[in-house]
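Below are the chains, spelled out letter by letter.
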Number of protein chains: 2
Amino acid sequence: MSNFTHFAEHVGARPDKVYKSTLFESGRLLLGLNCLEPGQAQAPHTHDGQDKFYFVIEGEGDFLVGDEAQHAGPGSVVCAPAGVEHGVKNTAGTRLVLLVGIAPWR
Amino acid sequence: MSNFTHFAEHVGARPDKVYKSTLFESGRLLLGLNCLEPGQAQAPHTHDGQDKFYFVIEGEGDFLVGDEAQHAGPGSVVCAPAGVEHGVKNTAGTRLVLLVGIAPWR
């Protein structure tokens, strides 16, 4: 795997659930893309011992982190520290493309 | 610190070196912004035991990772695994804004 790529090469869609693509993976870090079609959601969940962030590349979504809920668009950064419940729903009319990092990974 | 922010709130410039801003920090992950004015560079260096990625938000730069050198613009993802030398120079005429993650941190 090259150390260089472009997010657009990894965008995709699944009718049944969030589309996920891996950009980089090690025991220290997972970097990937999550793509949500309009109406799709990632149910609130928690990662024990793992921090996670979302960076909104394209589209808009309703994010939940702990007891904070915010609508966020391109350029927004959303962080979910280990053990804090988080989720996202695409409430807009276009695809939501998120750069996602999780550390540590496995 | 809120779990929500926008990269534009953290952009800045220093005349003498790369401008760095922290978005999220734990023992597992550092997520930050690196801003390079035209002509500024981050000299090739290595992080032992830490993976690093750059996501180009705005501008363009010449990146080096190991023996790979590439010019990369908005939407590009550049990964530098632990122990692999990496650096970047802003060779364009506008500010280069990078989302940067390092894991683990500290």
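Residues numbered from 1 in each chain as written. Chains lettered and ligands numbered in written order. Predicted model: local features only at pLDDT ≥ 70, side-chain atom pairs only at ≥ 80, totals over all residues.

**Focus on the overall build of chain A**
Logical step 1: Per the secondary structure count, chain A includes zero helices and 10 strands.
Logical step 2: Across chain A, helices and strands are ordered from the amino to the carboxyl terminus as β-β-β-β-β-β-β-β-β-β.
Logical step 3: By the compact-globule yardstick of 13 Å for 106 residues, chain A fits well, its C-alpha radius of gyration being 13 Å.
Logical step 4: Each principal axis of the C-alpha distribution contributes one length, and for chain A these read about 35 × 30 × 25 Å.
Logical step 5: A buried classification covers 41% of the 106 residues belonging to chain A.
Logical step 6: Counting only contacts in chain A whose residues sit at least 6 apart along the sequence, the fraction spanning at least 24 positions is 67%. (Helix = DSSP H or I, 4+ residues; strand = E, 2+ residues; numbered from the N terminus. Rg over C-alpha atoms; globule rule 2.2 N^0.38 Å. Buried ≥ 20, exposed ≤ 12 C-beta atoms within 10 Å, placed from the backbone. Contact = placed C-beta atoms within 7 Å.)

**A closer look at the confidence of the model for chain A**
Logical step 1: Overall, the prediction assigns chain A a mean pLDDT of 96, with 99% of residues at 70 or greater.
Logical step 2: Per the prediction output, this complex has pTM 0.97; the corresponding ipTM is 0.96. (pLDDT = per-residue confidence, 0-100.)

**Section: the environment of His 6 of chain B**
Logical step 1: The topology assignment puts His 6 of chain B in strand β1 (residues 4-6).
Logical step 2: When the C-alpha atoms of His 6 of chain B and His 47 of chain B are compared, they prove to be 27 Å apart, with 41 residues separating the residues in sequence.

**Side note on the relation of the copies chain B and chain A**
Logical step 1: Once turned by 180° and shifted 0.0 Å along the axis, chain B lies on chain A with an RMSD of 0.0 Å. Accordingly, the operation relating the two chain copies is best matched by a two-fold axis. If distances are taken from each C-alpha of chain B to the rotation axis, the shortest is found for Ala 103 of chain B, at 3.2 Å.
Logical step 2: When the interface residues of chain B are mapped onto chain A, 100% of them again fall at the interface, so both copies present the same face. (Least-squares fit on C-alpha atoms with pLDDT ≥ 70 in both.)

**A word on the pairing of strand β6 (residues 61-65) of chain A**
Residues and elements named next belong to chain A.
Logical step 1: Of all five residues that make up β6, four are buried, and the element is covered over most of its length.
Logical step 2: Both β6 and strand β7 (residues 68-72) contribute to a ladder of five bridges, which runs antiparallel. Within β7, the residue paired with Phe 63 across the bridge is Gln 70.
Logical step 3: Linking β6 to β7, which pair antiparallel, is a turn of two residues; within it Gly 66 sits at a positive phi near 60°. (Pairing = 2+ DSSP bridges.)

**Concerning the sheet that holds β6 of chain A**
All names here are of chain A.
Logical step 1: Strand order in the open sheet formed by four strands is β4-β9-β6-β7, and the pairing between neighbours is antiparallel. Because the sheet does not close on itself, it has two edges, and the strands there are β4 (41-45) and β7. With direction set aside, neighbouring strand axes in the sheet form an average angle of 15°. (Axes fitted to C-alpha atoms, helices over the stretch in contact; angles between N-to-C directions.)

**So, the environment of Gln 50 of chain B**
Residues and elements named next belong to chain B.
Logical step 1: The topology assignment puts Gln 50 in the loop between β4 (41-45) and β5 (51-58).
Logical step 2: With 32 residues separating them in the primary sequence, Gln 50 and Ala 82 have C-alpha atoms 4.7 Å apart.
Logical step 3: Those residues in contact with Gln 50 that sit more than four places away from it in its chain are Ala 82, Ile 102, Ala 103 and Pro 104.

**Brief notes about the interface of chain B and chain A**
Logical step 1: Taken together, the 33 residues of chain B in the interface contact 34 residues of chain A.
Logical step 2: Of all elements in the fold, only β1, β2 (19-25), β5, β7 (68-72), β8 (76-80) and β10 (96-103) of chain B reach the threshold of two or more residues within the side of chain B that touches chain A.
Logical step 3: Residue contributions to the side of chain B that touches chain A peak at five residues, all from β8 of chain B.
Logical step 4: Residue composition of the side of chain B that touches chain A, by class: 20 nonpolar, 10 polar and three charged.
Logical step 5: Sheet topology places strand β1 (residues 4-6) of chain A next to β8 of chain B; three bridges connect them, and they run antiparallel. Residue pairing for β8 of chain B: His 6 of chain A is matched across the bridge by Ser 76 of chain B. (Nonpolar A, V, L, I, M, F, W, Y, C, P; charged D, E, K, R; others polar.)

**A closer look at the pairing of strand β2 (residues 19-25) of chain A**
Residues and elements named next belong to chain A.
Logical step 1: The pairing of β2 with strand β3 (residues 30-36) spans six bridges and is antiparallel. Of the residues in β3, the one forming a bridge with Ser 21 is Leu 33.
Logical step 2: Counted between consecutive antiparallel strands, the loop separating β2 from β3 contains four residues.

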